[in-house]
Amino acid sequence: MHNPADISILDYTYNLPQEKIAQYPLANRDQSKLLVFQNGQISEDRFREISKYLSSDTTLVFNTTRVVNARLHFLSAKKQDIEIFCLGPDDGSQDPSQQMLKKSSVQWRCFVGNLKRWKDDVLTCEKSGVSLHAEIRGRQN
């Protein structure tokens with residue numbers, strides 16, 4: 001088990017071409033691809049075949065969380081892209097999707113891409129009639 005203080009976001013940063021990312025779920029979800037790691041080898045199958053890879057005493061845990069659009073792009077005063085990835089509400093007490101719907105101020109814990117380029121006090125992004133403002137309230141390594 002790793003100490004969370006030793007984990008870096010750079011360990012999870014890699015190039016993934018846009019065309020490799022599913023934009024919508026398949027109509028027949030059991031037709032989704034299944035990545036299989038078995039006997040030191042990686043192969044591909046379909047989710048409907050998952051029972052071939054599980055023993056009879058396997059416990060499955062289903063994740064019923066919802067995905068929210070949490071990747072925001074802002075431009076600095078010098079027109080440099082700053083990406084803010086929202087991890088969750090700062091107070092941790094409310095459902096993230098409900099926080100995204102709020103029309104008032106909300107504080108989030110975030111990863112920031114290109115943080116060194118963020119020289120402005122407040123970043124602003126206007127899109128589809130919605131105005132977003134971002135400011136740094138604290139830093140954590």
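The following refers to the structure shown. (Residues numbered from 1 in each chain as written. Predicted model: local features only at pLDDT ≥ 70, side-chain atom pairs only at ≥ 80, totals over all residues. Heavy atoms only, no water.)

## Details of the overall build of the protein
Spelled out, the test is: Secondary structure elements are defined from DSSP: runs of H or I of at least 4 residues count as helices, runs of E of at least 2 residues count as strands, and each element is numbered from the N terminus. In this description the radius of gyration comes from C-alpha coordinates, and the expected globular size is given by 2.2 Å times residues to the power 0.38. Summary of the burial criterion: residues with accessible area below 20% of their type's maximum are buried, those above 50% are exposed, and those between are partly exposed, where the area comes from a 1.4 Å probe applied to protein chains only.
A tally of helices and strands in the protein yields one helix and seven strands. The N-to-C order of helical and strand elements in the protein reads β-β-β-β-α-β-β-β. Against the 2.2 N^0.38 benchmark of 14 Å for 141 residues, the protein shows a C-alpha radius of gyration of 20 Å, more extended than a compact globule. Projected onto the principal axes, the alpha-carbon positions of the protein cover approximately 55 × 35 × 35 Å. A buried classification covers 13% of the 141 residues belonging to the protein.

## Digging into the pairing of strand E7 (residues 130-135)
Rules: Strand pairing is assigned whenever DSSP identifies at least 2 bridges connecting the two strands.
Of the pairings in the sheet, the one linking strand E6 (residues 122-127) to E7 comprises six bridges and is antiparallel in character. Considered in E7, the bridge of Leu123 is made with Ala134. Between E6 and E7, which pair antiparallel in sequence order, lie two residues; one of them, Ser128, sits at a positive phi of approximately 50°.

## Looking at a nonpolar patch on the surface
So the rule is basically this: Put simply, a patch holds well-exposed residues, over 30% relative accessible area, that have no salt bridge, with like charges counted together within 9 Å and Val, Leu, Ile, Met, Phe, Trp or Tyr side chains within 5 Å. We get accessible surface area from the Shrake-Rupley algorithm with a probe of 1.4 Å; when it comes to residues, only the shown protein chains can shield them. Salt bridge, as applied in this entry: a Lys or Arg side-chain nitrogen positioned within 4 Å of an Asp or Glu carboxyl oxygen.
Residues Ile7, Ile9, Leu10, Tyr12, Leu87 and Phe111 make up a contiguous nonpolar surface patch of roughly 610 Å² in combined accessible area. You can see Tyr12 is positioned in the segment before strand E1 (33-38). According to the relative accessible area criterion, Tyr12 is exposed, its value standing at 55%.

Nothing here speaks to function; it is geometry throughout.
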